Amino acid sequence: MRRILYSLLVVLTAHGLGATGAGAQDVPCRLQIITSFPESFFRPFVERFSRDHGQACVTNKNTIALIRHIRERRRPIADVVWTSSPVAFAALDAGGHMHRRPDLALDPAEFGGFSVDEENGARFGFALSRIGLMWKPDGKVLGSVPGVDLLTQHRFRNRIGMTSPARSGTTHLFVETVLQNEGWERGWALLSRLGSNLATVTARSFGVREGIVRDRFGLGIGIDFLAKAAHEAQAPLAFAPLQGSAIFPASAGIARDGALNPLAADFVRFLRSDTGQNLLLRPAIARIPVKPALWAQAGFRPRRESAYTFDAALAARRLPIVNALFDEMITYRHLELAEIRADIEKLSDKQKTVKDPLLNKLVAEARDKMETVPVAAFMSDAGELISQLEGNGLTGLSRDSGGTLRDSWSHDFSNRYSRARELIARGNARLAELGFGLRR
């Protein structure tokens, strides 16, 4: 009776009519799901679940847009949140947008020791994911566990593709992994050097895979399942997890507005059932199940050092700050960044021969201008900064959409890059004084 009343309620309130990306049109939706997963991934799960429980409907948005959809209670109102990023769940839970069901959380021992569930019941893991590098199998092998330092080397200039973290939850996981592993200052320095090697910043995560397939660039930063075949016409890409990258649980959680819909909890259970877990092994899906008994079939061999240690709560608090800084520093300027970096490296190579203290100082100052951000580590999750960015800092790539704080950061980076050019010019002048030219 409760389920019948709920179905009637969603029809009367236009909670959701018809399916988006799954199911027949004009069929009342008994469960509304919002997800960042592509249709090729979510369709088999939604169709199988709907067969037994009635129509489930899907709204598909990237992770950052998904967060805004839930926060602003946009229609269709979601019962279930379903995405790869634990940061999205941490951000939504901190704002009171998730319905906590601790009774559904399982002991890590059931998952080989990985903490795939949030203990408070805000999210529940159903698959394991790794952030890393992808490339064509016939390309040069980079090693089984490449480090971020590798991506900053000159030989990869104009050869790397990635998405803006403001457009992709998984890219945000990569950026935060670098910042958490390396520290705020060194982390941004590494990201700046990486940024100078970018061939492009794609609009969506899926564009990274397509860019490699189409030979637009040779390496891509992304999540493991994107390296698998998007469809039968494309061969899988090679993939290697990045050194120091955690194993992330792709999860589902019950939104606050789905608290009264019993099908929301049923969907969570379905994803972790034998049926749901085995769907992950389909070649077109190719995800790592959370059940250890299926790891061998997925080709997953966990390393002890890859235990899940990522601080999702910290990442959630500073999400708008990190995303805005990355866009102002790299997304909008990666071509300029590459040009200036190349000039700095030319001077640095000369300095190894000249060994002049003044030239060394000029090179160091130029690097510093390119590798630092106008936010100190202790302010990286400051509420006063976040409050100025919230509302504009979570979506879009428009440089005009961030208000005065974004404007000030944009102006700051413009000044830093201009100052770096001046220091490079002074360095070249110093070489001429010493009788060394860049052509020598």
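As shown above, the structure is provided for reference.
A few points on the structure. (Residues numbered from 1 in each chain as written. Predicted model: local features only at pLDDT ≥ 70, side-chain atom pairs only at ≥ 80, totals over all residues. Heavy atoms only, no water.)

## With respect to the state of the cysteines
Argument step 1. The full count for this structure, using the stated rule, is 1 disulfide.
Argument step 2. Linked covalently through their sulfurs, Cys 29 and Cys 57 form a disulfide whose S-S length is 1.9 Å. Negative torsions about the S-S bond denote left-handed disulfides, and the value of about -85° found for Cys 29 with Cys 57 makes this one left-handed. Separated by 28 residues along the polypeptide, Cys 29 in the loop between helix H1 (2-12) and strand S1 (31-35) and Cys 57 in strand S2 (residues 56-60) bring together distant segments of the chain. (Disulfide = S-S within 2.5 Å. Helix = DSSP H or I, 4+ residues; strand = E, 2+ residues; numbered from the N terminus.)

## Re the side chain of Arg 416
Argument step 1. Here Arg 416 is to be found in helix H17 (residues 403-433).
Argument step 2. Overall, the relative accessible area of 16% leaves Arg 416 in the buried class.
Argument step 3. Beyond its immediate stretch of four places on either side in the chain, Arg 416 contacts Lys 369, Thr 372, Val 373 and Pro 374. (Buried < 20%, exposed > 50% of the residue type's maximum accessible area, 1.4 Å probe, protein only. Contact = heavy atoms within 4.5 Å.)

## Quick notes on the packing of aromatic side chains
Argument step 1. As enumerated under the stated definition, the model contains 20 aromatic pairs in all.
Argument step 2. Here the aromatic rings of Phe 41 and Phe 126 are separated by 6.3 Å at their centres, their planes lie at 45°, and the arrangement is tilted. Taken together, the positions of Phe 41 in helix H2 (residues 39-53) and Phe 126 in strand S5 (residues 124-135) put the pair 85 residues apart, joining distant regions of the chain.
Argument step 3. Aromatic ring contacts, followed pair by pair, group Phe 37, Phe 41, Phe 45, Phe 49, Trp 82, Phe 126, Phe 225, Phe 267 and Phe 270 into a single cluster. (Phe/Tyr/Trp six-rings, centres within 6.5 Å; stacked < 30°, edge-to-face > 60°.)

## Some thoughts on the packing of helix H6 (residues 169-182) against helix H7 (residues 184-195)
Argument step 1. Closest axis-to-axis distance for the H6/H7 pair is 6 Å, and the angle between their directions is 135°. Relative to H7, the element H6 lies oblique. Classified by chirality, the crossing of H7 by H6 is right-handed. For the pair H6 and H7, the contacting residues are Phe 174, Val 175, Val 178, Leu 179 and Glu 182 in the first and Trp 184, Arg 186, Gly 187, Trp 188, Leu 190, Leu 191 and Leu 194 in the second.
Argument step 2. Across the contact of H6 with H7, the residue classes tally to 9 nonpolar, 1 polar and 2 charged. (Axes fitted to C-alpha atoms, helices over the stretch in contact; angles between N-to-C directions. Parallel < 35°, antiparallel > 145°, perpendicular 65-115°, else oblique. Left-handed = near helix turned anticlockwise from the far one by under 90°. Nonpolar A, V, L, I, M, F, W, Y, C, P; charged D, E, K, R; others polar.)

## Brief notes about empty space enclosed by the protein
A probe as big as a water molecule, rolled over the atoms, marks out the empty space that is left.
Argument step 1. Evaluation of the coordinates by the stated rule reveals 2 cavities of 30 Å³ or more.
Argument step 2. In this structure, the largest cavity spans a volume of roughly 160 Å³.
Argument step 3. What lines the largest cavity is a set of 17 residues, among which Ser 36, Thr 63, Thr 170, Ser 205 and Phe 206 lie closest to the centre.
Argument step 4. Partitioning the lining of the largest cavity into residue classes produces 6 nonpolar, 9 polar and 2 charged.
Argument step 5. If you add up the space inside the second largest cavity, you get close to 30 Å³.
Argument step 6. If you go around the second largest cavity, the residues you meet are His 69, Ile 70, Arg 73, Arg 74, Pro 76, Ile 77, Ala 78 and Asp 257. (1 Å grid on protein atoms, 1.4 Å probe; cavity = no way out; pocket = protein on both sides within 12 Å on 5 of 7 lines; lining within 4 Å. Points joined across faces, edges and corners; volume = space filled by probe spheres on them.)

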